[in-house]
Amino acid sequence: MNTQLGIPADIQACLFDLDGVVTRTAVVHAAAWKETFDSFLRERDGADFRPFTDADYDEYVDGRPRADGVRTFLASRSIELPEGDPDDPPDAGTVNGVGNRKNELLLEKIRTDGVEAYDGTLRYIEAVRAAGLRTAIVSSSANTVDVLRSIDAERLFDTRVDGVVARERDLPGKPRPDTFLAAARDLGVEPSRAAVFEDALAGMDAGRSGHFGYVVGVDRVGQRTALYAHGADRVVDDLAELTEGADK
């Protein structure tokens, strides 16, 4: 092991998810999804609708591209909508319309409350780069650049594969490994020599199926057992534990 970084010694690159790993925005995403889906379900089913839950977020939405999250959650309720177009208005009764409604709410919450970074993660990324390893941000979010700039962290990553890049390259999102694999290619590193850092179960699945050299689960919401079950090699509460030598 690289005792300085808490990862195998042959790792040459580190691939980081954004929401919930670098920034405290996972909870904001969850709130925006709940408001969006509860409104949709209330309009569809009336006052007796079954609300969107934290378990729904973890299982069907977290870590997935926006449209995939809409499609996957609605399928769990046996609801099917037309796909529509990516620029559908937020009141459109389409998969893209519902997703755009969520994004509108998300941006409003970010504008109102701002974005906070996890200091332990930023320190860890600085240590990774000081050790000569390459870094990538890999996120399903289409707002990655704006979020990174808001916390002055864009400089910390050698490449970015996010929702915008995935659409340009026609890459399927998590739980498929394609976005992580693309980031490794951009860095010129074999997947077996790259480590994945994720807080979402879909991200764990992507790390496992992509045969990455090491997968670190970041447990922000008490799902340590599930992160291990979905493929984590190690689970920490905060990335600072890796440099402190904590063994959890």
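Structure report, in brief. (Residues numbered from 1 in each chain as written. Predicted model: local features only at pLDDT ≥ 70, side-chain atom pairs only at ≥ 80, totals over all residues. Heavy atoms only, no water.)

1. A few points about the overall build of the protein
Quick note on the threshold: Secondary structure follows DSSP: runs of H or I at least 4 residues long count as helices, runs of E at least 2 residues long count as strands, and numbering of each begins at the N terminus. For the radius of gyration, the atoms used are the C-alpha atoms, and the globule rule reads 2.2 Å times the number of residues raised to 0.38. The cut-offs for exposure are 20% and 50% of the maximum accessible area for each residue type, with area from a 1.4 Å probe on protein chains only; residues under the lower value are buried, those over the upper are exposed, and the others partly exposed. Throughout, a contact is declared for two residues whenever any of their heavy atoms are within 4.5 Å. Each accessible area is a Shrake-Rupley estimate made with a 1.4 Å probe; only the visible protein chains count as cover when residues are assessed. Positive charges come from Lys and Arg alone, negative charges from Asp and Glu alone, with His and the N- and C-terminal ends not counted. For this purpose, a charge sits on NZ of Lys, CZ of Arg, CG of Asp or CD of Glu.
Of regular secondary structure, the protein possesses 11 helices and six strands. For the protein, the C-alpha radius of gyration of 18 Å lies close to 18 Å, the compact-globule estimate for 248 residues. When the backbone C-alpha atoms are referred to their principal axes, the protein occupies close to 55 × 35 × 35 Å. Taking all 248 residues of the protein together, the buried fraction comes to 55%. In the protein, the proportion of contacts linking residues at least 24 apart, taken out of those at least 6 apart, comes to 59%. When the accessible surface of the protein is split by element, carbon and sulfur atoms take 45% of a total near 11,200 Å². Mean positive and mean negative side-chain charge positions of the protein (30 and 46 charges, respectively) differ by 2 Å.

2. Considerations on helix H5 (residues 119-130)
This is how the line gets drawn: For a helix, the expected span equals 1.5 Å multiplied by the residue count minus one.
Taking 1.5 Å as the rise per residue, H5 with 12 residues should run 16 Å; its terminal C-alpha atoms sit 16 Å apart, in good agreement. Among the residues making up H5, those that are buried are Gly-120, Thr-121, Leu-122, Tyr-124, Ile-125, Ala-127 and Val-128. Where H5 is buried, its residues touch strand E1 (13-16), strand E2 (134-138), strand E4 (194-198) and helix H11 (240-244). Where H5 terminates, the next one or two residues include Gly-132, which has phi positive at roughly 90 degrees.

3. Some points on the pairing of E4
We count it as follows: Pairs of strands are assigned from DSSP output, requiring at least two bridges between the strands. Crossovers are marked right-handed if the path from the first strand over the helix to the second runs clockwise, as seen with the strands pointing away from the viewer.
Within E4, five of the five residues are buried, leaving the element largely enclosed by the surrounding structure. Sheet topology places E4 next to strand E5 (residues 214-218); four bridges connect them, and they run parallel. Paired with Glu-198 across the bridge in E5 is Gly-217. Crossover E4 to E5 through helix H9 (residues 201-209) is right-handed.

4. Some points on the environment of Arg-220
This is how the line gets drawn: Any pair of nitrogen or oxygen atoms within 3.5 Å is treated as a polar contact; in protein, a donor-acceptor pairing is required on top of that, and neighbouring residues in sequence qualify only through side-chain atoms on both sides.
Structurally, Arg-220 can be placed in the loop between E5 and helix H10 (224-229). Along the chain, Arg-220 and Gly-20 lie 200 residues apart, while their C-alpha atoms are 7.0 Å from each other. Not counting the four nearest positions on each side in its chain, Arg-220 is found in contact with Gly-20, Val-21, Tyr-118, Thr-121, Asp-237 and Asp-238. At 2.7 Å, the side chain of Arg-220 forms a polar contact with the backbone oxygen of Gly-20.

5. A look at the packing of helix H3 (residues 66-76) against helix H4 (residues 95-113)
Under the convention used in this document: Fitted lines through C-alpha atoms serve as axes, helices being fitted only where they are in contact, and the angles separating the N-to-C directions of these axes extend from 0 to 180 degrees. The crossing is said to be left-handed when, going from far helix to near helix, the turn is anticlockwise and less than a right angle, and right-handed when the turn is clockwise. Classification used: nonpolar for Ala, Val, Leu, Ile, Met, Phe, Trp, Tyr, Cys and Pro, charged for Asp, Glu, Lys and Arg, polar for all others including Gly.
Where H3 meets H4, the axes come as close as 9 Å, and the angle between the chain directions of the two elements is 115 degrees. As for the relative orientation of H3 and H4, their crossing is right-handed in sense. Side by side, H3 and H4 meet where Arg-66, Ala-67, Val-70 and Arg-71 of the first sit next to Val-95, Asn-96, Val-98, Gly-99, Asn-100 and Asn-103 of the second. Partitioned by chemical class, the residues of the contact of H3 with H4 number four nonpolar, four polar and two charged.

6. Observations concerning the sheet that holds E4
Taken in spatial order, the six strands line up as E3-E2-E1-E4-E5-E6 in an open sheet, and their pairing is parallel. Because the sheet does not close on itself, it has two edges, and the strands there are strand E3 (159-161) and strand E6 (234-236). With strand direction ignored, the average angle separating the axes of adjacent strands in the sheet is 20 degrees. Across three bridges, E5 lies against E6 in parallel orientation. Its bridge partner being in E6, Val-218 is matched across the sheet by Val-236. Sheet strands in contact with helix H8 (residues 178-187) are E1, E2, E3 and E4, and its direction is about 150 degrees off that of E2.

The values are spatial; any link to function lies outside them.
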